[in-house]
Amino acid sequence: MLTLKCPYTGIMLDESELEAGGEAHLKRYGPESSDDDFESYLFMRKNPKGVHFERWRHAYGSGKWFHVARCTQTLEVFGTYPAQTLKPPQEILDIIAEKRPGWSWDMPS
Amino acid sequence: MSEPVTALGGATFEGAVTITERPAQGMITIRADLSSAKIVKALTDVAGVAMPAMRGAVTSADTGLLWMSPDEAMLLCPYAESTETVAALNTALTGEHALIVDVSDARAVFRLEGSACREVLAKVTPADLREQSLPVGELRRTRMAQVAAALRFLDNTTVELICFRSVASYMFKLLSTAAAPSAQVDYRF
């Protein structure tokens, strides 16, 4: 079971108090975008074995969406951070870099 | 005005802990930016208590303020005064971006009393009930089996629990089962 800290309330939450929201840091392509971009925004999702960024919602509580950096292989949680951001905060990236040397990721533009 | 009727008519259960449905309580949900000094002043002026910190609750007699999330607070007041309190809040928050709703009739309140409170609750909620994670006075919104609830230890042997009125009967049966005398596990927190 995952235990995640809600960055808005500071509570350690059980997975069953949360709602999964899939991959984080997707860039939205709406009207006027190319078919390829729109398809990629709608359907194409990463499924990494290792470091992954996800969206979770504190459903039984504050109701807030937040982001989680975790490892899909070991279930290790690197950290959580508020969703009002386009890319992971530097301190989270530093933690991942320290624990997973050589890890790289396509930073969203 | 008609007589307020609670969901279970003040039902009680005696077991590992004593479970009691509380009388009708005035509750007003406020959604607004709680980091705004103007909004905090309006809330504290109307409630007559200080603004609680994160996860906190400040109560005095019949009134109080509960911190529900960074943009949600709950104001407690006597049941009969909820309508005028909503009006007072609307006046105090004129011009501010805020949503104020009287939810008094949409909630049920239970009180658990006894030294086994943490044990009984731990059977039905995923929340960490150790005292270092959930100290006395802190409000914890969580799940009790299938339904949402907010609970707060008034002292180490008394818990006040708020849930939706529509699930009051489920909550009471759930807690009664968890508190059945034959179901004690004597877990030490």
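Scope of this entry: the structure provided in the associated data block. (Residues numbered from 1 in each chain as written. Chains lettered and ligands numbered in written order. Predicted model: local features only at pLDDT ≥ 70, side-chain atom pairs only at ≥ 80, totals over all residues. Heavy atoms only, no water.)

Quick word on the state of the cysteines
No. 1: A complete count under the given rule lists 0 disulfides over all chains for this structure.
No. 2: This cysteine, cysteine 163 of chain B, is not joined by any disulfide, and cysteine 117 of chain B carries the nearest cysteine sulfur, 16 Å off. (Disulfide = S-S within 2.5 Å.)

Observations concerning the interface of chain B and chain A
No. 1: Taken residue by residue, the interface counts 17 residues in chain B and 14 residues in chain A.
No. 2: Here chain B packs against chain A, burying approximately 1100 Å² in sum over the two surfaces, 54% of which is carbon and sulfur.
No. 3: The three residues of chain B that bury the most area against chain A are Arg140, Arg141 and Arg143 of chain B, which together make up 38% of that side's buried surface.
No. 4: Between aspartate 71 of chain B and lysine 64 of chain A there is a salt bridge whose closest N-O contact spans 2.6 Å.
No. 5: At the junction of chain B with chain A, the criterion picks out 7 residue pairs in polar contact (both at pLDDT 80 or more).
No. 6: Elements with a minimum of two residues in the side of chain B that touches chain A: β5 (63–69), β9 (139–144) and β10 (147–155) of chain B. (Contact = heavy atoms within 4.5 Å. Buried area = accessible area lost by both parts, 1.4 Å probe. Salt bridge = Lys/Arg side-chain N within 4 Å of Asp/Glu carboxyl O. Polar contact = N/O pair within 3.5 Å; in protein donor to acceptor, adjacent residues only side chain to side chain. Helix = DSSP H or I, 4+ residues; strand = E, 2+ residues; numbered from the N terminus.)

Describing the pattern of salt bridges
No. 1: Evaluated as defined, the whole model comprises 16 salt bridges over all chains.
No. 2: Across the pair glutamate 23 of chain A and lysine 46 of chain A runs a salt bridge whose closest N-O atoms are separated by 3.4 Å. Here glutamate 23 of chain A, found in strand β3 (residues 19–23), pairs with lysine 46 of chain A, found in the loop between α1 (35–43) and β4 (51–57); they are 23 residues apart in sequence, far enough to count as distant.
No. 3: Put simply, glutamate 54 of chain A and arginine 70 of chain A hold a salt bridge, and the shortest N to O gap is 2.7 Å. With a gap of 16 residues between them, glutamate 54 of chain A in strand β4 and arginine 70 of chain A in strand β5 (residues 65–71) connect regions that are remote in the sequence. A single burial state applies to glutamate 54 of chain A and to arginine 70 of chain A, both of which are buried.
No. 4: Through salt bridges with shared partners, a single network forms among Lys64 of chain A together with Arg31, Asp71, Glu72 and Arg141 of chain B. (Buried < 20%, exposed > 50% of the residue type's maximum accessible area, 1.4 Å probe, protein only.)

So, the packing of aromatic side chains
No. 1: Under the criterion given, the structure shown has 4 aromatic pairs over all chains.
No. 2: An angle of 50° between the planes, with centres 6.1 Å apart, marks the rings of phenylalanine 53 of chain A and tryptophan 103 of chain A as tilted. Taken as a pair, phenylalanine 53 of chain A in strand β4 and tryptophan 103 of chain A in the segment after α2 (90–99) lie far apart in primary sequence, 50 residues in all.
No. 3: The class of tryptophan 103 of chain A is partly exposed, set by a relative accessible area of 26%.
No. 4: Ring geometry for phenylalanine 110 of chain B and phenylalanine 172 of chain B: centres 6.1 Å apart, planes at 25°, overall stacked. Note that phenylalanine 110 of chain B is positioned in strand β8 (residues 107–113) and phenylalanine 172 of chain B in helix α4 (residues 168–178), a separation of 62 residues in sequence.
No. 5: Judged by its relative accessible area of 14%, phenylalanine 172 of chain B falls in the buried class. (Phe/Tyr/Trp six-rings, centres within 6.5 Å; stacked < 30°, edge-to-face > 60°.)

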